[in-house]
There are 2 protein chains.
Amino acid sequence: MSQPATHPVELEAIKRDQDYPRPAVAVDLVIFTILDADLKVLLIDRIGEPFAGQPALPGGFVRVKEPADADNVGDQGEDLEDAVLRELEEETGLPHGSVFFEQLRTYGKAGRDPRMRVFSVAHVALVRPDLAGLAAAGGDAKNARWVSVRHERPERLAFDHDTILDDALTYAQSRLDTSSIAFELVPPTFSMTELRSVHEVIRGEGLDRGNFRRRFLRMIDDGVVEQAPGKRITGRKPAAVYRFLR
Amino acid sequence: MSQPATHPVELEAIKRDQDYPRPAVAVDLVIFTILDADLKVLLIDRIGEPFAGQPALPGGFVRVKEPADADNVGDQGEDLEDAVLRELEEETGLPHGSVFFEQLRTYGKAGRDPRMRVFSVAHVALVRPDLAGLAAAGGDAKNARWVSVRHERPERLAFDHDTILDDALTYAQSRLDTSSIAFELVPPTFSMTELRSVHEVIRGEGLDRGNFRRRFLRMIDDGVVEQAPGKRITGRKPAAVYRFLR
DNA sequence: CCAAAAGTGTTAACAGTACACCCATGG
DNA sequence: CCATGGGTGTACTGTTAACACTTTTGG
């Protein structure tokens, strides 16, 4: 710290505010679902440059409005979260609120988008498998599709989306036991095996039935889940179904 | 999803890129240290409007350059991380690399800065107590100072910095047992009690000496720490000192 | 009746909790 | 010699992990 007596830091800051060029801020989405006991991510194909034709994570720019003036205080455009909700609906076709999401982190390396300076606030979204069929059905030019993360992941995604996808996967794994994200990947009522399958697919390894069952029973004791009426009839012995208590 | 046959999404994006106003991107820093067995955060006083004179977290805008043109491809300004390093040095006076930091999350509600649309990428930084004395010594206009998070926290911080500070504290607590952050808050060599004190101060509650010791011994077994030569002589019985193996 | 998945039990190892006790040191 | 904190032991409880057994169903 070697600042003269005046306020050079603040003067500098004011100068920056007015003179420096502005970046763009985008949201990128890592939208997971589970289909056929396999973890899938929603990918699109890029249409324009750069990376035209390459697979990429869906996303878009946050819609920002002009700085507030006297008679227009406070309208600075959409909230970051609203941008996510808007993009989620655009990409999946699913209604607001039916898709769970959390912020992952922000990627801000210079040059990550060659067109201009873009900060991307990445989010992880989870689509229940009973809704995933509805999503991404439209075969528009972007070719939105579910891709198996482990078995048909493309060589190379556009921008730094490979890194983002890796981080998202690590994030989901680390939050499996400390959050309720697993419940976002099962239907409203589910059997123990269905929930266990979610854990297995995200962790990428099998789990002991008996041990998972005891953890599950503790969740019932703790009031996290409760048994729901009915049974899941899936060819073999019918299983009890449960429901998550938000 | 109801897109006509052409590429309206991409056209829309191009239009936005050119026509929509741009936001600013800032980094805000929650800089923690431990002094006198008390968790401290570095606060400044705001100089200009808005919130002039109010305490706030230190931070500043990321320096962005004009979009690349033909002979200037790739110079889009500083990386997000570089902005953090620069601000950390400006605010603490400590050299690059001597302060640990991690990204917390991004705050992007419209109106959070009344001047203009600002996205703030908040970071948590940890200053070793043996360096904290050097930091923030200069009594410049911003009045940077260490403030006890639990005992002298101001009523109200500028912007949404109250939320950011709360989130940072929760983050530090949640990462105590699953990361090496505790080692960033002790000198290069430290006694068991010094490390335990870090845990206690961040968690806000006492820990059993014997139990902490056993966890510590496991860390030695796991090769996370090793004993260092010398003893810590602190008035009472000298304690063995250890060093963290990155 | 048989394969497959549901549902249950058993055991050893390990980790967390709450103590109690002795030891070394500086004042 | 005593208060303080370092260093150690221990008994209890809870959790994890591996695995074996029984039950219920559809084909």
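That block above? That's the structure.
Note that the structure is predicted; figures quoted are calculated from it, not measured.

**Student:** Got a minute to help me understand the protein's contact with DNA strand D in this structure?
**Tutor:** Residues in contact with DNA strand D amount to 18 residues; listed here are only the nearest, Arg218 and Gly235 of chain A together with Thr193, Arg209 and Arg213 of chain B. Contact distances for DNA strand D include 2.5 Å between a phosphate oxygen and a side-chain N or O atom of Arg213 of chain B. Every element with two or more residues in the surface near DNA strand D is listed here: helix H6 (209-221) of chain A together with helix H5 (192-203), helix H6 (209-221) and strand E10 (239-244) of chain B. The residue inventory of the surface near DNA strand D, partitioned by class, reads four nonpolar, four polar and ten charged.

**Student:** Which parts of the structure should I look at to understand the pairing of strand E2 (residues 38-45) of chain B?
**Tutor:** Residue and element names in this part refer to chain B. Buried residues dominate E2, accounting for eight of its eight residues. Alternating residues of E2 divide into Asp38, Lys40, Leu42 and Ile44 and Leu39, Val41, Leu43 and Asp45, and every residue in both groups is buried. Relative to E2, strand E1 (residues 24-35) is paired through four bridges, and the arrangement is antiparallel. What sits directly across from Thr33, in E2, is Lys40. Joining the antiparallel neighbours E1 and E2 is a turn of two residues, in which Asp36 adopts a positive phi near 55°. Bridging between E2 and strand E7 (residues 145-148) involves four bridges; their strand directions are antiparallel. Note on E7: the bridge partner recorded for Val41 is Val147. Inspection of the sheet shows E2 paired to strand E3 (residues 55-56) by two bridges, in the antiparallel sense. Counted as the bridge partner of Asp45 is Pro55 from E3.

**Student:** Please clarify how the protein's contact with DNA strand C should be interpreted in this entry.
**Tutor:** Near DNA strand C, the surroundings consist of 18 residues, among which Thr193 and Arg213 of chain A together with Arg214, Arg218 and Gly235 of chain B are the closest. Within the side chain of Asp208 of chain B, an N or O atom sits 3.3 Å from a base nitrogen of DNA strand C. Mapped onto the surface near DNA strand C, the elements with two or more residues apiece are helix H5 (192-203), H6 and strand E10 (239-244) of chain A together with H6 of chain B. Residues belonging to the surface near DNA strand C are distributed by class as follows: four nonpolar, four polar and ten charged.

**Student:** Sorry if this is basic, but what is going on with the packing of aromatic side chains here?
**Tutor:** Within a pair of aromatic rings, the relevant descriptors are the distance that separates the centres and the angle that separates the planes. Residue and element names in this part refer to chain A. The tally for this structure, following the rule as stated, stands at ten aromatic pairs over all chains. Geometrically, the ring pair formed by Phe190 and Phe216 is edge-to-face, given 6.4 Å between the ring centres and 80° between the ring planes. Linking Phe190 in strand E8 (residues 189-191) with Phe216 in helix H6, this pair joins segments that are 26 residues apart in sequence. The same class applies to Phe190 and to Phe216, which are both buried. Between Phe216 and Tyr242 the ring centres are 4.8 Å apart and the planes differ by 65°, which places this aromatic pair in the edge-to-face class. With Phe216 in helix H6 and Tyr242 in strand E10, this pair connects stretches of sequence that are 26 residues apart. Among the aromatic residues, ring-to-ring pairing joins Phe183, Phe190, Phe216, Tyr242 and Phe244 into one connected group. Over the aromatic face of Tyr107 sits the side chain of Arg105, whose NZ or CZ is 5.5 Å from the ring centroid.

**Student:** Please clarify how the side chain of Glu102 of chain B should be interpreted in this entry.
**Tutor:** All names here are of chain B. As for its placement among the helices and strands, Glu102 is situated in strand E5 (residues 100-107). Judged by its relative accessible area of 18%, Glu102 falls in the buried class. Among all residues touching Glu102, those that are not within four sequence positions of it are His123, Val124, Tyr171 and Arg175.

Analysis parameters
Residues numbered from 1 in each chain as written. Chains lettered and ligands numbered in written order. Predicted model: local features only at pLDDT ≥ 70, side-chain atom pairs only at ≥ 80, totals over all residues. Heavy atoms only, no water. Near = heavy atom within 4 Å. Polar contact = N/O pair within 3.5 Å; in protein donor to acceptor, adjacent residues only side chain to side chain. Helix = DSSP H or I, 4+ residues; strand = E, 2+ residues; numbered from the N terminus. Nonpolar A, V, L, I, M, F, W, Y, C, P; charged D, E, K, R; others polar. Buried < 20%, exposed > 50% of the residue type's maximum accessible area, 1.4 Å probe, protein only. Pairing = 2+ DSSP bridges. Phe/Tyr/Trp six-rings, centres within 6.5 Å; stacked < 30°, edge-to-face > 60°. Lys NZ or Arg CZ within 6 Å of the ring centre and 35° of its normal. Contact = heavy atoms within 4.5 Å.

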